[in-house]
Amino acid sequence: MVNLRLARPMLMALTACAANFLVQGSALADDAQENKALKEQMRQMLQRMDALQKQVDALSNKPAPPPAVVAAPPAAPPAAVGPATAKQAPAEPAFEKFAKGFYGTLDVSTDYSTKGESELGAFHYACVDPANPALGCAQNGQKIGPVGRVGWQADLSTNKSVLGYRGSHLIPGTKTEFIYQIEAQPAITSAPGASTGYTAQSNVTKAGIGYGDSFVGVSNNDWGKLKFGTTYTPYKKSTDRMNPFSGMLGDYAVIMGNSGGDNRVEFGTRIDHSVWYESPKFGGVFSFDALFSPGQNRTPYNTAQSSGSPDCAGGNVPGSGNLPLACADGAFDNAWSFDLKFESGPIYVTAAYEIHQGVNRGSDGIGSNSPFYGTLFNVNNTVDPASGAVLASVCTTASPIIDCGDYNTFSAEFPAAAAVGSPGLIGDVVNETAFKVGVQYTFSFGLALSGIYEELHRNLPADLQWQNERQRNGFWFAGTYDLTAKDNFSIGWGHAGATPGDPGCQHNYNPNSLDNHANLYTAALKHRFDKNLYWYFDVADTVNHGNAHYDLGAGGRGVTTDCHDGTTQAFTDYSSAGPTTWGGCHEIGVSTGLHYTF
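The rules behind each value
- Residues numbered from 1 in each chain as written.
- Predicted model: local features only at pLDDT ≥ 70, side-chain atom pairs only at ≥ 80, totals over all residues.
- Heavy atoms only, no water.
- Disulfide = S-S within 2.5 Å.
- Helix = DSSP H or I, 4+ residues; strand = E, 2+ residues; numbered from the N terminus.
- Buried < 20%, exposed > 50% of the residue type's maximum accessible area, 1.4 Å probe, protein only.
- Salt bridge = Lys/Arg side-chain N within 4 Å of Asp/Glu carboxyl O.
- Patch = residues over 30% accessible without salt bridge, like charges linked within 9 Å, V, L, I, M, F, W, Y side chains within 5 Å.
- Areas by Shrake-Rupley, 256 points an atom, 1.4 Å probe, with all protein chains shown as cover.
- 1 Å grid on protein atoms, 1.4 Å probe; cavity = no way out; pocket = protein on both sides within 12 Å on 5 of 7 lines; lining within 4 Å.
- Points joined across faces, edges and corners; volume = space filled by probe spheres on them.
- Nonpolar A, V, L, I, M, F, W, Y, C, P; charged D, E, K, R; others polar.
- Phe/Tyr/Trp six-rings, centres within 6.5 Å; stacked < 30°, edge-to-face > 60°.
- Lys NZ or Arg CZ within 6 Å of the ring centre and 35° of its normal.
- Core = buried A, V, L, I, M, F, W, Y, C linked by side-chain atoms within 4.5 Å.
- Contact = heavy atoms within 4.5 Å.
- Polar contact = N/O pair within 3.5 Å; in protein donor to acceptor, adjacent residues only side chain to side chain.
- Pairing = 2+ DSSP bridges.
- pLDDT = per-residue confidence, 0-100.

**Q** Hey, could you run me through the state of the cysteines in this one?
**A** Here a disulfide denotes a covalent bond joining the sulfur atom of one cysteine to the sulfur atom of another. The final tally for this structure, using the stated rule, is two disulfides. Note that Cys563 is cross-linked by a disulfide to Cys585, the S-S spacing being 1.7 Å. Placement of the pair is Cys563 in the loop between β22 (533-544) and β23 (586-597) and Cys585 in the loop between β22 and β23, with a sequence separation of 22 residues. Each member of the pair, Cys563 together with Cys585, is buried.

Pasting the structure below:
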């Protein structure tokens, strides 16, 4: 199409060229005949220019075609509140929407810690009792102290790292969403695989898909969330915000919720095959959570793994810790967990309760034939007259709390071990409960103070209280202060009170030291590079008194420092085979690491 804006200037230029040509032609002509021919050519050119001018004028006066019709966008739906109409946002690309579902935490530290047993004053009481020189506690002739490396040692640890994916789907015609989440715990400083430590074994592969808070459920802003899967219980989550050392050596799980004083945390842990409800906030300040986990266990005393689970309820495989092959070290039936929370401005208050029904602690009776407890049952040993070795041990008691059947089966397979072991205790299957209240106040100048009081209870009959180390009270106090916009400093103190009893020769039991309380001291400095990444340095110290044996690192660390020594000879005392737990150990550790979330 002709460019009309350029047509007129072009015509003017052509006219000028024609006039110039005419003048120059007239000047150069030698005669009239040539001049006449030039004038004729000029006339024809002007006629063509005049015709072209008329065409240009006609095109200039033609009306412009109407603009193309564009469909108007659909009207946006009315806003939820007020008369204004919300502007519809463009649809998010499918890939970007999918990618937003991924999240994770990566935490790796370098640690330097000691079991604090090198100069330990505690001892294996029976091993130094001159009246009982042959009670089966000799290690290479005698055992007067811990075996192996129990002093300072360096390590790298992966701590509470997680990779996950979450999302939701609106159920058509409703305000309710289908929600889902699945997690795995990556192994960064070690190869992934089942946990096969020398003091506890597990079939769980933490790097496997589904290890972590994984669930499906429904969510509605009006009535809350209902979820089905695996999760940390409300008992734990209610006070998470009061634990500034989560995943560090000084994590408050060393004391809080830990009824055995070992690496495993009984209350405040993750529970499989659960259904739970999370309420919305009522009045903007109150909320609550409730969880139920069916035991899924068909054995009379919960001595087998729950149906569909790789480990015993409560953790570890049957026989873990060098015990007889059964879930007799904390396995339970049904579990319930509840919390109630109040939050208004700078104050947060919570109360939580959890119950594990039918908890099997039959293994706590192993070693109960120690002379320091008295005779709870009768065991007849068959001894080789030549060597003096025990060939067989047979339980003959009629006591209702003694399981001679399991003991005799075990004795037939391991006669030497049974000589210093004990039958399981049938009556040692009762409910365990935990209750706590916590308060946190955050001041406007950057200081947050937290306090928790906790009671753990095991509902044992009077004739079994002698081995009840699961019942105690406890305290936790912590403070965090913002030094700068990017730096904060935290301190914490945890206390586990004395218990009514002790399963004695499960460890280096000293009957003259009955106050088995413990204290945890922690301090940490954090520097935040941005909202996703921070560096930390912390120091932790667990001081065990009497026969207490709390550790450093319980509650989610890849590497823990506990009170076990490196004994490898089976049944060197009145406990189970393998490493001995040395009560009264004094663990200390320092750690530095990086923590990244996305």
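Having put the structure on the table, let's press on.
**Q** What am I meant to see in the pattern of salt bridges here?
**A** All chains considered together, the criterion is met by 18 salt bridges. A salt bridge links Lys237 to Asp213; its shortest N-O distance comes to 3.6 Å. Linking Lys237 in helix α4 (residues 234-237) with Asp213 in the loop between β6 (201-205) and β7 (214-220), this pair joins segments that are 24 residues apart in sequence. The structure contains a network of salt bridges with shared partners spanning Arg264, Glu266, Asp329, Glu469 and Arg470.

**Q** Whenever I open this one, unusual backbone geometry confuses me. Can you help?
**A** Outside of glycine, negative phi angles account for most residues, and trans bonds account for most peptide bonds. Even without glycine at this site, Lys160 takes up a positive phi of about 50°. Checked against the element boundaries, Lys160 lands in the loop between β2 (152-158) and β3 (162-170). Given the relative accessible area of 22%, Lys160 is considered partly exposed.

**Q** Even after reading the chapter, I still don't get a nonpolar patch on the surface, so can you show me in this structure?
**A** A grouping of Tyr441, Phe443, Phe445, Leu449, Tyr481, Leu483, Phe489, Ile491, Leu525, Phe537 and Val539 is seen on the molecular surface, where their side chains present a nonpolar patch of about 950 Å² in accessible area. Going through the elements one at a time, β20 (487-496) and β22 are the ones with two or more residues in the nonpolar patch. On the basis of relative accessible area, Leu449 is assigned to the partly exposed category, the value being 40%.

**Q** Help me out: how do you make sense of empty space enclosed by the protein in this one?
**A** The method is simple in principle: a probe with the dimensions of a water molecule rolls over the atoms, and the space it marks as empty is what remains. Overall, the coordinates contain four cavities of 30 Å³ or more when judged by the stated rule. The calculated volume of the largest cavity comes to roughly 90 Å³. Of the residues in the lining of the largest cavity, the class split is eight nonpolar, five polar and two charged.

**Q** Would you explain the packing of aromatic side chains in this entry?
**A** Any aromatic ring pair is given by two values, namely how distant the centres are and how the planes are angled relative to each other. The full count for this structure, using the stated rule, is 21 aromatic pairs. Seen from their ring centres, Phe282 and Phe288 are 6.4 Å apart, and the 10° between their planes marks the pair as stacked. For Phe288, a relative accessible area of 32% translates into the label partly exposed. An angle of 5° between the planes, with centres 5.9 Å apart, marks the rings of Phe477 and Trp493 as stacked. Taken as a pair, Phe477 in strand β19 (residues 472-482) and Trp493 in strand β20 lie far apart in primary sequence, 16 residues in all. Residue Phe477 is classed as partly exposed on the basis of its relative accessible area, which comes to 41%. The exposure class assigned to Trp493 is partly exposed, which follows from its relative accessible area of 29%. Between Lys236 and the ring centre of Tyr232, over which it is positioned, the NZ or CZ distance is 4.3 Å. The side chain of Arg270 reaches across the aromatic face of Tyr232, ending 4.1 Å from its centre.

**Q** Even after reading the chapter, I still don't get the nonpolar core, so can you show me in this structure?
**A** Side chains that are nonpolar tend, in soluble globular proteins, to be buried together. Counting residues in hydrophobic clusters, the biggest one holds 22 residues, and the most contacted among them are Ile255, Met256, Ile452, Trp476, Leu520 and Tyr550. When residues of this core are traced back to their parent elements, those giving at least two are β19, β21 (518-528) and β22. With near-sequence residues (within four places) excluded, Leu520 lies in contact with Gly250, Asp251, Tyr252, Val254, Ile255, Trp476, Gly492, Trp493, Gly494, Asp541, Thr542 and Leu552.

**Q** Teacher, can you tell me more about the environment of Asn431 here?
**A** Following the sequence through the fold, Asn431 ends up in strand β17 (residues 429-442). In this structure the C-alpha to C-alpha distance between Asn431 and Gly358, which are 73 residues apart in sequence, comes to 5.0 Å. With residues up to four places along the chain from it excluded, the contact list for Asn431 reads Ile355, His356, Gln357, Gly358, His457, Arg458 and Asn459. Separated by 3.0 Å, the side chain of Asn431 and the backbone nitrogen of Gly358 make a polar contact.

**Q** Which parts of the structure should I look at to understand the pairing of β23?
**A** Two faces make up the sheet, and in a regular strand the side chains alternate between them. As defined by bridge partners, strand β1 (residues 102-114) adjoins β23 across 10 bridges and the pair is classed as antiparallel. Across the sheet, Ser113 pairs through a bridge with Gly589, a residue of β23. Note that β22 and β23 share 11 bridges and pair antiparallel. Within the sheet, the bridge partner assigned to Leu533 lies in β23 and is Tyr596.

**Q** Help me understand the environment of Ser195, please; the structure alone is not making it clear to me.
**A** Mapping Ser195 onto the fold places it in strand β5 (residues 194-196). Residue classification places Ser195 among the partly exposed positions, given a relative accessible area of 35%. Between the alpha carbons of Ser195 and Thr205 there is a distance of 7.2 Å; along the sequence they are 10 residues apart. Those residues in contact with Ser195 that lie beyond four places of it in its chain are Ala200, Gln201, Ser202 and Val204.

**Q** I tried to follow the confidence of the model for the protein chain on my own but got confused; where do I start?
**A** Residues shown with low pLDDT carry predicted positions that ought not to be read at fine detail. Mean pLDDT over the protein chain: 79, with 67% of residues reaching 70 or higher. With pLDDT under 50 throughout, residues 121-143 is counted as low confidence; its partners more than four residues away or in other chains account for 49 contacts. This model gives residues 571-576 a pLDDT under 50, and the stretch forms 38 contacts once residues within four places in sequence are excluded.

**Q** Got a minute to help me understand the side chain of Ser274 in this structure?
**A** Structurally, the position occupied by Ser274 is in strand β9 (residues 270-278). For Ser274, a relative accessible area of 5% translates into the label buried. Here Ile271 takes part through its backbone oxygen, which lies 3.2 Å from a polar atom of the side chain of Ser274. In terms of polar contacts, Ser274 uses its side chain to reach the backbone carbonyl oxygen of Asp272, at 2.9 Å. With sequence-adjacent residues up to four places away left out, Ser274 is seen in contact with Lys227, Phe228, Gly229, Leu291, Phe292 and Ser293.

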